[in-house]
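Descriptive analysis of the structure
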Amino acid sequence: MNFIKQFALQASGRIAAPPSGQKLWATSQQQQVVIKSSTHSGNGKHMANLDNSVHSAGIEEVHNVPMSVIKRPIPSVLDEMKVQSLMATIDAETDADNVPPVDILWITGSEGGNYYFSFGGCHRFEAHKRLNRQTIKAKLVRSTLGDLYHYMGSSAPKYLA
């Protein structure tokens with residue numbers, strides 16, 4: 001992990017997500033949603049960086065992203081016991097901070113719209129969905145249509161408005 005933080009992230013040119021409180025997306029009702037973010041857990045302790053992926057290793061800020069704006073274009077293959085276990089953990093107020101955030105690719109469209117794609121974290125996403133949670137903890141990974149093409153191949157949209 002230290003190698004990634006020291007060398008790979010500097011070379012990648014990835015930028016961090018915007019500051020907390022900045023409006024980034026509109027819901028289906030076209031209402032602006034404000035990002036709520038934190039680099040601390042609910043108990044006031046700084047969150048450890050052990051739950052990072054290669055994509056989000058340099059991103060400290062965790063956001064509560066509305067479930068309604070996240071696109072998941074690839075169907076999930078789920079382990080039901082894992083989903084149930086995560087649901088129990090998320091539902092327990094004291095254990096909810098133990099669930100790591102999902103990575104979300106954040107792509108700005110050609111006309112300024114914001115698009116949010118998630119490919120990993122399918123069990124966490126499903127657990128939040130079944131619990132009717134409005135938001136999910138996530139790290140926003142600034143991405144491009146080219147990045148999206150790597151995940152989706154020819155199924156990727158050619159442009160986003």
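What you are looking at is a predicted structure, and each value in this text was computed from that prediction instead of being measured.

Turning our attention to the overall build of the chain. Helix and strand counts for the chain come out as four helices and eight strands. Residues counted as buried form 36% of the 161 residues belonging to the chain. The long-range share in the chain, meaning contacts at least 24 apart out of those at least 6 apart in sequence, stands at 73%. When the accessible surface of the chain is totalled, it reaches about 9,500 Å², and 53% of it is carbon and sulfur.

At Asn-132, a residue that is not glycine, the phi angle is positive and equals roughly 55°. Its location among the elements puts Asn-132 in the loop between helix H3 (122–130) and strand E8 (135–143). On the accessibility criterion, Asn-132 (62% relative accessible area) is exposed.

Bringing helix H4 (residues 145–152) into the picture now. The distance from a side-chain oxygen at the start of H4 to the backbone nitrogen of Gly-146 is 3.2 Å, and the residue carrying that oxygen is Thr-144. Just downstream of H4 lies Gly-153, where phi reads positive at about 60°.

What follows covers the environment of Lys-129. Looking at the secondary structure, you find Lys-129 in helix H3. Classification of Lys-129 by relative accessible area gives partly exposed; the value is 48%. Residues Lys-129 and Met-87 lie 42 residues apart in sequence; the distance between their C-alpha atoms is 9.6 Å.

Here we take up the pattern of salt bridges. Close approach of charged atoms allows side chains with opposite charge to pair. Here the structure, examined in full by the defined rule, presents four salt bridges. Among the salt bridges present, the one from Asp-91 reaches Arg-133, with a minimum N-O distance of 3.3 Å. Of this pair, Asp-91 sits in helix H2 (residues 80–91) while Arg-133 is found in the loop between H3 and E8, placing the two residues 42 residues apart along the sequence. On the basis of relative accessibility, which here comes to 46%, the residue Asp-91 falls in the partly exposed class. Taking relative accessible area as the criterion, Arg-133 reaches 29% and is therefore assigned partly exposed. Its salt-bridge partner being Lys-129, residue Glu-126 comes within 4.0 Å of it at the nearest N-O pair. With a gap of three residues between them, Glu-126 and Lys-129 both fall in helix H3, about one helical turn apart. The class for Glu-126 is buried, based on a relative accessible area of 16%. Linked through salt bridges whose partners overlap, the residues forming this network are Glu-80, Glu-126, Lys-129 and Arg-130.

Conventions used here
- Residues numbered from 1 in each chain as written.
- Predicted model: local features only at pLDDT ≥ 70, side-chain atom pairs only at ≥ 80, totals over all residues.
- Heavy atoms only, no water.
- Helix = DSSP H or I, 4+ residues; strand = E, 2+ residues; numbered from the N terminus.
- Buried < 20%, exposed > 50% of the residue type's maximum accessible area, 1.4 Å probe, protein only.
- Contact = heavy atoms within 4.5 Å.
- Areas by Shrake-Rupley, 256 points an atom, 1.4 Å probe, with all protein chains shown as cover.
- Polar contact = N/O pair within 3.5 Å; in protein donor to acceptor, adjacent residues only side chain to side chain.
- Salt bridge = Lys/Arg side-chain N within 4 Å of Asp/Glu carboxyl O.

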